[in-house]
Amino acid sequence: MKSTKRQFLAAAFVAASFAHFGIAHAQSALDDVMKAKLIKIAIPTDFPPYGFVGTDLQPQGLDVEMANYIGGKLGVKVELVPVNSANRIPYLQTKKADLVISTLGKNPERAKVIDFTSAYSPFFQAVFAAKSLPVKTFDDLAGKTVGVTRGAMEDQELTKVAPSATDVKRFEDNNATVAAFVSGQVQAIATGASVAGNMMARNPQLGAEYKLLLKDSPNFIGVAKGEDALRTKVNEIIAAAKQSGDIDAMAKKWLGRPAGNLPE
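Throughout what follows, the structure given in this document is the object of discussion. Here the structure is a predicted model, which means the values were calculated and not measured.

Looking at the packing of aromatic side chains
In total, this model carries 7 aromatic pairs according to the counting rule given. Pairing Tyr50 with Phe123 gives two aromatic rings, centres 5.5 Å apart and planes at 35°, and the pair type is tilted. In this pair, Tyr50 sits in the loop between strand S2 (46-47) and strand S3 (51-53) while Phe123 sits in the loop between strand S7 (114-121) and strand S8 (124-130), placing the two residues 73 residues apart along the sequence. Each member of the pair, Tyr50 as well as Phe123, is classed as buried. When the centroid spacing of 6.2 Å and the interplanar angle of 75° are considered together, the rings of Phe116 and Phe220 count as edge-to-face. In this pair, Phe116 is assigned in strand S7 and Phe220 in strand S13 (residues 219-224), connecting sequence segments 104 residues apart. Of the residues examined, Phe220 reaches a relative accessible area of 6% and is grouped as buried. Counting every residue linked through ring pairs, the aromatic cluster contains Phe47, Tyr50 and Phe123. The ring of Tyr91 carries the charged tip of Lys96 above its face, separated from the ring centre by 4.9 Å.

Rendered as structure tokens:
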């Protein structure tokens with residue numbers, strides 16, 4: 001009986017030790033980064049203007065710039081880890097990345113498996129048109145043709161705010177909507193920031209620019225569950241960047257508009 005009790009106590013001690021080790025290990029990401037002087041950050045490479053491969057074959061975009069910015073503020077080297085929508089969270093969970101900066105929206109389902117920093121950039125649907133087209137308010141869309149993808153979020157939002165005199169032309173997918181704007185079938189386009197960024201990068205001759213905001217869906221940085229020290233440190237960097245204007249400057253550079261008021 002005594003032997004059984006000793007075995008039980010020993011097993012309980014071992015279990016507690018492993019539990020303690022697990023907690024300590026879960027909190028070690030920032031220590032590991034600072035010790036190695038290297039942070040691995042997952043970024044997109046197929047989602048302009050947030051992340052894409054430039055003509056020099058190097059990743060660039062808002063998310064890439066933010067990754068390098070954080071590495072610079074931490075004083076460590078940045079290893080950029082290309083990811084897509086499907087594997088970006090698993091990369092965080094399996095420690096292939098310390099942070100995910102990849103147009104990551106925050107929702108309750110994701111919050112169950114990873115943690116989030118404050119928002120660092122806007123992700124939005126908007127109306128875009130040539131710089132020469134005078135559009136300052138939604139009332140200015142009256143009498144103008146606006147292309148939009150049927151059933152998309154921007155279609156729903158545009159329907160709420162466009163004057164009845166707006167000639168809204170709906171297309172079956174983003175490619176058709178973009179093609180209509182590029183070819184001049186429509187004067188303006190209502191679409192997401194990524195689609196617009198890609199379109200403007202490929203067709204600089206259009207002189208297109210951001211005109212009116214339809215809906216904001218900000219991006220957050222993903223951190224492994226329980227990595228509070230790393231999350232807090234990144235939040236400090238984001239807060240300082242908002243205060244200094246660096247966040248607004250990045251958004252202006254890549255998205256054509258300041259970041260504005262982003263949620264904590």
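The structure having been displayed, the exposition proceeds.
Quick word on the sheet that holds strand S5 (residues 77-83)
A sheet is described by the order of its strands in space; here 5 strands give the open sequence S5-S1-S6-S13-S7, paired in mixed fashion. Two strands bound the open sheet, and with one partner strand each, they are S5 and S7. Averaged over all pairs of adjacent strands, the angle between strand axes in this sheet comes to 25°, irrespective of strand direction. Strands strand S1 (38-44), S5, strand S6 (99-104), S7 and S13 of the sheet are contacted by helix H3 (residues 62-74), whose axis makes an angle of about 170° with S1.

A closer look at the environment of Ser118
The residue Ser118 is located in strand S7 in this model. Along the backbone, Ser118 and Asn219 are 101 residues apart, and their C-alpha atoms lie at a distance of 8.6 Å. For Ser118, the residues in contact, after removing those within four places along its chain, are Phe220, Ile221, Asn235, Ile238, Lys242, Pro263 and Glu264.

A look at the nonpolar core
Residues Ile70 and Leu99 are the most contacted members of the largest nonpolar core, which totals 60 residues. Here this core gets 7 residues from one element, more than from any other, and that element is H3. For Ile70, the contacting residues outside a window of four places in its chain are Leu99, Ile101, Ile221, Val234 and Ile237. In terms of nonpolar packing, the next biggest core, distinct from the first, is built from 13 residues, Leu133, Leu141, Val146 and Ala162 among them.

Structural notes on the sheet that holds S3
Taken together, 3 strands build an open sheet; the order of strands is S2-S3-S4 and the sheet is antiparallel. For this open sheet the edge positions go to S2 and strand S4 (59-60), each flanked by a neighbour on one side alone. With 2 bridges joining them, S3 and S4 adopt antiparallel strand pairing. Directly across from Val53, in S4, lies its bridge partner Pro59.

Here is what the cut-offs are and how they apply
Residues numbered from 1 in each chain as written. Predicted model: local features only at pLDDT ≥ 70, side-chain atom pairs only at ≥ 80, totals over all residues. Heavy atoms only, no water. Phe/Tyr/Trp six-rings, centres within 6.5 Å; stacked < 30°, edge-to-face > 60°. Helix = DSSP H or I, 4+ residues; strand = E, 2+ residues; numbered from the N terminus. Buried < 20%, exposed > 50% of the residue type's maximum accessible area, 1.4 Å probe, protein only. Lys NZ or Arg CZ within 6 Å of the ring centre and 35° of its normal. Pairing = 2+ DSSP bridges. Axes fitted to C-alpha atoms, helices over the stretch in contact; angles between N-to-C directions. Contact = heavy atoms within 4.5 Å. Core = buried A, V, L, I, M, F, W, Y, C linked by side-chain atoms within 4.5 Å.

Everything listed here is a matter of coordinates, which is why it stays silent on function.
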